[in-house]
Amino acid sequence: MVSSISSTCSLNLLPKPTSCSLADPNSNPRKTQFIKNNLIPQINLHQNNHNEPDQHSYSSDDGVESDVSDSQPIRKLKPSTQLKRWSRARSIRSGRRFSIPLQLTSTESINTTTSDVNFQNDQNSISSSSTSSSMVEKSDSEDEMMEGKSIYMVSDGTGWTAEHSVGAALGQFEHCLVDRNCAVNTHLFSGIDDVERLMEIIKQAAKEGAMVVYTLADPAMAESAKQACDVWGIQSTDILSPITVAIAAHLGVSPSGIPRGAPGHHVPLSDKYFKRIEAIEFTIKQDDGALPQNLHKADIVLAGVSRTGKTPLSMYLAQKGYKVANVPIVMGIELPKTLFQVDRRKVFGLTINPVNLQTIRKTRAKTLGFGDTMTGNYSEMDHVRQELEIAGKIFAQNPTWPVIEVTGKAIEETAAVLLRLYHDRKQKCSMPRISKRY
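Residues numbered from 1 in each chain as written. Predicted model: local features only at pLDDT ≥ 70, side-chain atom pairs only at ≥ 80, totals over all residues. Heavy atoms only, no water.

If you look the protein up in an unreviewed UniProt entry, it shows as Pyruvate, phosphate dikinase regulatory protein, chloroplastic from Papaver somniferum.

Here it is in structure tokens:
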């Protein structure tokens, strides 16, 4: 296997020297030492930056190097921070593959290079072959690990239920997805409304050894999927049928068995739909403290410093039919008076850890193309702490405002906490009279 790989690999990424004929290393000891000390570091250097001019030059007259500059040490990849680990876990769950780390790529380049260089010494050839074999096996195992296992999600509708159910279940395995690199690739097949297409998907799943998760409203389709998975030995899960059967038994009514969006099955637009559209339009107009005179029309009012997630949280709640307004707390700018005049049960404060906030602000500034001199003190730690202290004093002066800690929370998690508090207050459940963080 090593010889076949060596014969097909070529050094396309490396700038070739003008002339470099390698003779028998035993005939020139200085040459052998030069190859070990300088040739392989040069490969790593060019692997990191192919466009830089070649800093090593060789002479073919006597096989001895000339004008060889000291190669810079390779910068090793640092372990990702906690924020990057969360982002990486979400990427793995969504099916995106990560590129193989730089160290592995450099090793493969060294492997192919040492295989292409033809040493006439038998002992060096045997050593190079054994090293190449172990490196190729490591590369294969790394590729297999990065490929991960597949999960097929099949739906006769949009696939929203299957996708979110699988995403919620994978959230229980983030410790494995991130720390142990047990990657998972998810594939969504929506609008599957005939058995023939369903069988093609299941056959493909059998070839890849994938798991099949399906939400099929038609009992005949669901039964066909179950039988096919049993025949081909595929692990499968029916998400929709168990709860449908349970609700049917509870209501004493048989389900229709017709998927949403099926031809001839048109669900009329309800008041709930128009309410959600109205909430989205209202939330967009009230973003970032706009039109403070309309705060009394909002169902929920969010207050917090910049980059605490007010806007994405507002839009997420608006999708659920809540009219949301958010008011930024900025040092040196007075808050609108209407914020303190509205029903206090509507107002919620958002806070965050200062270190995380500084990281988010720096990333935001880079995304907008601002340099360090253009951002001013926006992302400086002293300024961040001062803004959070001012926000904390405002929250303390208004003890009926619940304060939600958003550090490390996804938008869905923050929304779940907020809605629980909102409905508890709306239903006049017992609430503490002091400001409390959630």
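Caption draft 1: Main features of the overall build of the protein. Tallying secondary structure elements over the protein gives 16 helices and 10 strands in all. Split into buried and exposed, the 438 residues of the protein put 34% on the buried side. At a minimum sequence separation of 6, the contacts of the protein that also span at least 24 residues come to 74%. For the protein, the computed accessible surface area is about 26,500 Å², with 53% contributed by carbon and sulfur atoms. (Helix = DSSP H or I, 4+ residues; strand = E, 2+ residues; numbered from the N terminus. Buried < 20%, exposed > 50% of the residue type's maximum accessible area, 1.4 Å probe, protein only. Contact = heavy atoms within 4.5 Å. Areas by Shrake-Rupley, 256 points an atom, 1.4 Å probe, with all protein chains shown as cover.)

Caption draft 2: Up close: the sheet that holds strand 9 (residues 347-351). Strands sit in the order 8-7-9-10 across an open sheet of 4 strands; the sheet is parallel. Since the sheet does not close on itself, it has two edges, and those belong to strand 8 (324-328) and strand 10 (403-405), each with one partner. Averaged over all adjacent pairs, the angle separating strand axes in this sheet is 25°, with direction ignored. In the sheet, strand 9 pairs with strand 10 via 3 bridges, with the strands oriented parallel. (Pairing = 2+ DSSP bridges. Axes fitted to C-alpha atoms, helices over the stretch in contact; angles between N-to-C directions.)

Caption draft 3: Structural view of the packing of helix 13 (residues 354-367) against helix 15 (residues 381-397). Their axes nearest at 10 Å, the elements helix 13 and helix 15 cross at an angle of 120°. When the axes of helix 13 and helix 15 are compared, the pair comes out oblique. Crossing hand, helix 13 versus helix 15: right-handed. Residue-level contacts link Pro354, Val355, Leu357, Gln358 and Arg361 of helix 13 to Met381, His383, Val384, Arg385, Glu387 and Leu388 of helix 15. Here the residues of the contact of helix 13 with helix 15 sort into 6 nonpolar, 2 polar and 3 charged. (Parallel < 35°, antiparallel > 145°, perpendicular 65-115°, else oblique. Left-handed = near helix turned anticlockwise from the far one by under 90°. Nonpolar A, V, L, I, M, F, W, Y, C, P; charged D, E, K, R; others polar.)

Caption draft 4: Inspection of a nonpolar patch on the surface at higher detail. Residues Ile243, Ile247, Leu251 and Val253 make up a contiguous nonpolar surface patch of about 390 Å² in total accessible area. Mapped onto the elements, Ile247 comes out in helix 10 (residues 240-251). (Patch = residues over 30% accessible without salt bridge, like charges linked within 9 Å, V, L, I, M, F, W, Y side chains within 5 Å. Salt bridge = Lys/Arg side-chain N within 4 Å of Asp/Glu carboxyl O.)

Caption draft 5: How the structure looks around the packing of helix 12 (residues 310-319) against helix 16 (residues 411-426). At a closest axis distance of 10 Å, the pairing of helix 12 and helix 16 adopts a crossing angle of 65°. Relative to helix 16, the element helix 12 lies roughly perpendicular. Crossing hand, helix 12 versus helix 16: right-handed. Residues Pro312, Leu313, Tyr316 and Leu317 of helix 12 touch helix 16, and the partners they reach there are Ile411, Glu412, Thr414, Ala415, Leu418 and Leu419. Taken together, the residues of the contact of helix 12 with helix 16 break down into 8 nonpolar, 1 polar and 1 charged.

Caption draft 6: The nonpolar core, seen in detail. By size, the foremost hydrophobic cluster in this structure holds 38 residues, and its most contacted members are Ile300, Leu302, Leu317, Ile329, Leu339, Phe348 and Leu418. Among the secondary structure elements, those contributing two or more residues to this core are strand 7 (300-304), helix 12, strand 8, strand 9, helix 15, strand 10 and helix 16. Top element by residues in this core is helix 16. It accounts for 6 residues. Non-local contacts of Leu339, meaning those with residues more than four positions away in its chain, are made with Leu295, Val301, Val327, Val347 and Trp401. One finds Val154, Ile201, Tyr214 and Met221 within the second-largest nonpolar core, a separate group that totals 18 residues. (Core = buried A, V, L, I, M, F, W, Y, C linked by side-chain atoms within 4.5 Å.)

Caption draft 7: Looking closely at the pattern of salt bridges. Evaluated as defined, the whole model comprises 5 salt bridges. Note that Asp193 is salt-bridged to Arg197, the shortest N-O span being 3.8 Å. By relative accessible area, Asp193 is classed as exposed at 52%. A relative accessible area of 36% places Arg197 in the partly exposed class.

Caption draft 8: Up close: the sheet that holds strand 4 (residues 184-189). Across the sheet, 4 strands lie side by side as 4-3-5-6; this open sheet has parallel pairing. The outermost strands of the open sheet, each flanked by one partner alone, are strand 4 and strand 6 (236-238). Looking at each pair of strands side by side, their axes are set apart by 15° on average, direction ignored. As paired strands, strand 5 (residues 211-215) and strand 6 are joined by 3 bridges and run parallel to one another. Along strand 6, the bridge assignment pairs Val213 with Thr237. Here helix 6 (residues 160-170) sits on the sheet in contact with strand 3 (149-155), strand 4 and strand 5, set at roughly 150° to strand 3.

Caption draft 9: A look at the side chain of Gln286. One can find Gln286 in the loop between helix 11 (271-285) and strand 7. According to the relative accessible area criterion, Gln286 is buried, its value standing at 1%.

Caption draft 10: Structural context of the confidence of the model for the protein. Averaged over every residue, the pLDDT of the protein is 74; residues scoring 70 or more account for 61%. Contacts from residues 1-28, a stretch scored under 50 in pLDDT, to residues over four places away or in other chains number 38 contacts. Below a pLDDT of 50 lies the segment residues 93-145, which in the model reaches 68 contacts outside its immediate sequence neighbourhood of four places, other chains included. (pLDDT = per-residue confidence, 0-100.)

Caption draft 11: Fine view of helix 10. Here helix 10 is 12 residues long and its end C-alpha atoms lie 17 Å apart, about the 16 Å a rise of 1.5 Å per residue gives. Just downstream of helix 10, Gly252 is the residue with a positive phi angle, here 75°. (Expected span 1.5 Å × (residues − 1).)

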